Amino acid sequence: MSHANLAIFVPHVGCPNRCSFCNQRTISGQEEVPTPEQVRALCEKGLLQLKRRARESQIAFFGGSFTAIPRPLMCALLEAAAPFVGPEGFSGIRISTRPDAIDEEILALLKRYGVTAVELGAQSMDNEVLRRNGRGHTAEQVRQAAALIRSASLELGLQMMTGLPGDSPVGAWETARAFLDLRPDTVRIYPTVVLEGTDLAAWQRDGSYRAMPVEEAVPLCAGLMDLFEEQGVRVIRVGLHASETLQGACIGGAYHPAFRELCEGERYLRKILTQLQWQNIPRGAVQILVHPGERSKAVGQRRCNLARLAQLGYQAQVSTDPHLPRGGVLVRQCEQTYRGQHSPLNP
C-alpha cells in the first residue's frame, strides 16, 4: 500500500550530539523548528490535499530525535497535530527518534497523543561502527527500545545506513539480519551520502574515509530490499529524499535523485538474468513479461537493463501481463517459458 504521509521536519532538535554524517538542515531543506501554529496549518493543508487518502496516511515528525526534544515543545507539537487524527483525518502520528530516548513513560505519553508508529534511527547493529560515527548509543539499546515499542503495540520502524566508516557490505547484511530479529514493521535504508559541514566531509578530504559510490551501493541495497521484503518487512524508503539543496551539498557517497528506482531496476535485472540462466535460454531475441505497473522497473532507468542485456547478447523486449503479480517476471523465447517471482540473491 502506498502512503502519502505528511512529513513535518524538526531539524536537529533533541539530538545530544552531531553524528559523523549528519546535517539535518541540508537533508530536510529546513532551517527552523516548526511552531505549533505551523503544524496546525500544515495538517489542515494536508487534509485538503490528500482528502480521503489521509485516512491511510500519517502525520510524520522527522529530522531530530523527537522524544529527546524539550518535553514542553514535544507536547505542544503533538497537541497541535492530535486533533487531525481520527475517522475523518489522518490514521495516526509517526515519529522518529533515538534508541536511547525511549522508555515506557515516553511511549505511554506518545500513545495519549495519537502516536501510532515509532521509528528508531539505529543505523548499524555494530557497536564499533556506532562508536566511530558518534551515535552515542549501543546495539543493545536498539534491541531494548524495539522491544518496548512492540510491547506498547506501536508500529516499529528501523532505519539503517550502509557505507559508514568502519562498516562493510558484510556488516550491512549482519545489521539487516539483526533488524529482522527485532520484527520491525517497516525499514528505511539510507546509503551514506557525504555532505559539506560534516565529519565525513573532513575525513573524505584527508583520505581517511572512502565513501561507497552509487555503483557499489545499488547492488547492496537491492539485495537488502529483497531480504526484508521476503520476510514481510515493508521497505518504505531507500535513499535520501532528493532536493536541490541536498544535491548542492553532496560531495561524495551514494547520492542519486532516483536511488530507489536504480535499486528496483537492479532487482529486476537479477530476476531476468537468473531465469535466463536457469532456462539456459540462448542469446538472441527474448520477451520479458511483467506486471503493467512494473514495466519501467524492468526496463531500468534510462533503459539501462536493456543495455546490459544487449551487452550479453540478448535483444530484449519488455511487455506487460495483467495476470502477473507485482515483482513477477516471465522470460520467453520461442516455445520455452519460465515463470518465477524470486531469485536467490542473498550472499
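Anything mentioned here points back to the structure above.
Residues numbered from 1 in each chain as written. Predicted model: local features only at pLDDT ≥ 70, side-chain atom pairs only at ≥ 80, totals over all residues. Heavy atoms only, no water.

This next bit is on unusual backbone geometry. Despite not being glycine, Asn280 shows a phi value in the positive range, around 55 degrees. Residue position: Asn280 is located in the loop between helix 11 (259-279) and strand 10 (284-290). Although it is not a glycine, Arg302 sits at a positive phi angle of roughly 55 degrees. By the secondary structure assignment, Arg302 is in the loop between helix 12 (295-299) and helix 13 (304-311). (Helix = DSSP H or I, 4+ residues; strand = E, 2+ residues; numbered from the N terminus.)

A separate point is the sheet that holds strand 2 (residues 58-62). As summarised here, the arrangement of the 7 strands in space is 1-2-3-4-5-6-8, forming an open sheet in which the pairing is parallel. The two strands at the open ends of the sheet, each matched to only one other strand, are strand 1 (6-9) and strand 8 (234-238). Across this sheet, the average inter-strand angle for adjacent strands is 20 degrees, counted without regard to direction. Two elements, strand 1 and strand 2, share 4 bridges in a ladder whose sense is parallel. Across the sheet, Ile8 pairs through a bridge with Phe61, a residue of strand 2. With respect to the sheet, helix 9 (residues 214-230) is in contact with strand 5 (155-162), strand 6 (186-191) and strand 8, its orientation differing from that of strand 6 by roughly 175 degrees. Across the sheet, helix 11 lies against strand 6 and strand 8, angled at about 130 degrees from strand 8, the strand it touches most. (Pairing = 2+ DSSP bridges. Axes fitted to C-alpha atoms, helices over the stretch in contact; angles between N-to-C directions. Contact = heavy atoms within 4.5 Å.)

Before going further, it helps to examine the packing of helix 7 (residues 169-181) against helix 9. At a minimum axis separation of 11 Å, helix 7 and helix 9 run at an interaxial angle of 20 degrees. Classified by the interaxial angle, the pair formed by helix 7 and helix 9 is roughly parallel. In this structure, helix 7 crosses over helix 9, and the sense of that crossing is right-handed. Of helix 9, the residues touching helix 7 (which contributes Pro169, Ala172, Trp173, Ala176, Arg177, Phe179 and Leu180) are Leu220, Gly223, Leu224, Leu227 and Phe228. Its residues assigned to classes, the contact of helix 7 with helix 9 comprises 10 nonpolar, 1 polar and 1 charged. (Parallel < 35°, antiparallel > 145°, perpendicular 65-115°, else oblique. Left-handed = near helix turned anticlockwise from the far one by under 90°. Nonpolar A, V, L, I, M, F, W, Y, C, P; charged D, E, K, R; others polar.)

A word on the pairing of strand 10. Regular strands place side chains that alternate from one sheet face to the opposite one. Burial runs high along strand 10: 5 of the 7 residues are buried. Across 7 bridges, strand 10 lies against strand 11 (residues 314-320) in parallel orientation. Bridge pairing in strand 11 places Ala285 opposite Gln315. When strand 10 meets strand 12 (residues 329-333), the two strands line up antiparallel, connected through 4 bridges. The residue bridging Val290 from the neighbouring strand is Val329, located in strand 12. (Buried < 20%, exposed > 50% of the residue type's maximum accessible area, 1.4 Å probe, protein only.)

Turning next to the pattern of salt bridges. As enumerated under the stated definition, the model contains 21 salt bridges in all. Put simply, Arg98 and Asp100 hold a salt bridge, and the shortest N to O gap is 2.9 Å. What makes Arg98 buried here is its relative accessible area of 5%. Among the charged side chains, a network of salt bridges with common partners joins Arg94, Glu119, Glu155, Arg188 and Arg234. (Salt bridge = Lys/Arg side-chain N within 4 Å of Asp/Glu carboxyl O.)

Ranked by internal contacts, the top residues of the largest apolar core, which has 68 residues, are Ile59, Phe61, Val118, Ile189 and Phe228. Broken down by element, the residue count for this core peaks at 10 residues, all from helix 9. Sequence-distant contacts of Phe228, defined by excluding residues within four places in its chain, comprise Met160, Ala176, Phe179, Leu180, Val187, Ile189, Val233 and Val235. Counting residues in each nonpolar core, the second largest holds 18 residues, with Phe21, Val129, Met161 and Tyr190 among its members. (Core = buried A, V, L, I, M, F, W, Y, C linked by side-chain atoms within 4.5 Å.)

Glancing now at the environment of Gly313. Counting through the fold element by element, Gly313 comes out in the loop between helix 13 and strand 11. For Gly313 and Pro282, which are 31 residues apart along the polypeptide, the C-alpha to C-alpha distance reads 8.8 Å. If near-sequence neighbours (up to four positions away) are discounted, Gly313 is found in contact with Arg283 and Gly284.

The axes of two packed helices give the description: the angle between them and the distance between them. With their axes 8 Å apart at the nearest point, helix 2 (residues 36-50) and helix 3 (residues 71-81) run at an angle of 25 degrees to one another. The angle between helix 2 and helix 3 places the two elements in the roughly parallel class. Viewed along their axes, helix 2 and helix 3 form a crossing whose handedness is right-handed. Side by side, helix 2 and helix 3 meet where Pro36, Val39, Arg40 and Cys43 of the first sit next to Ala76, Leu77, Ala80 and Ala81 of the second. Classifying every residue of the contact of helix 2 with helix 3 by side-chain character gives 7 nonpolar, no polar and 1 charged.

Right, let's talk about helix 3 for a bit. Those residues of helix 3 lying buried are Met74, Cys75, Leu77, Leu78, Ala80 and Ala81. If you follow the buried residues of helix 3, they end up packed against helix 2, strand 2, strand 3 (92-97), helix 4 (104-112) and strand 4 (115-123).

What is shown is where atoms sit, not what they do.
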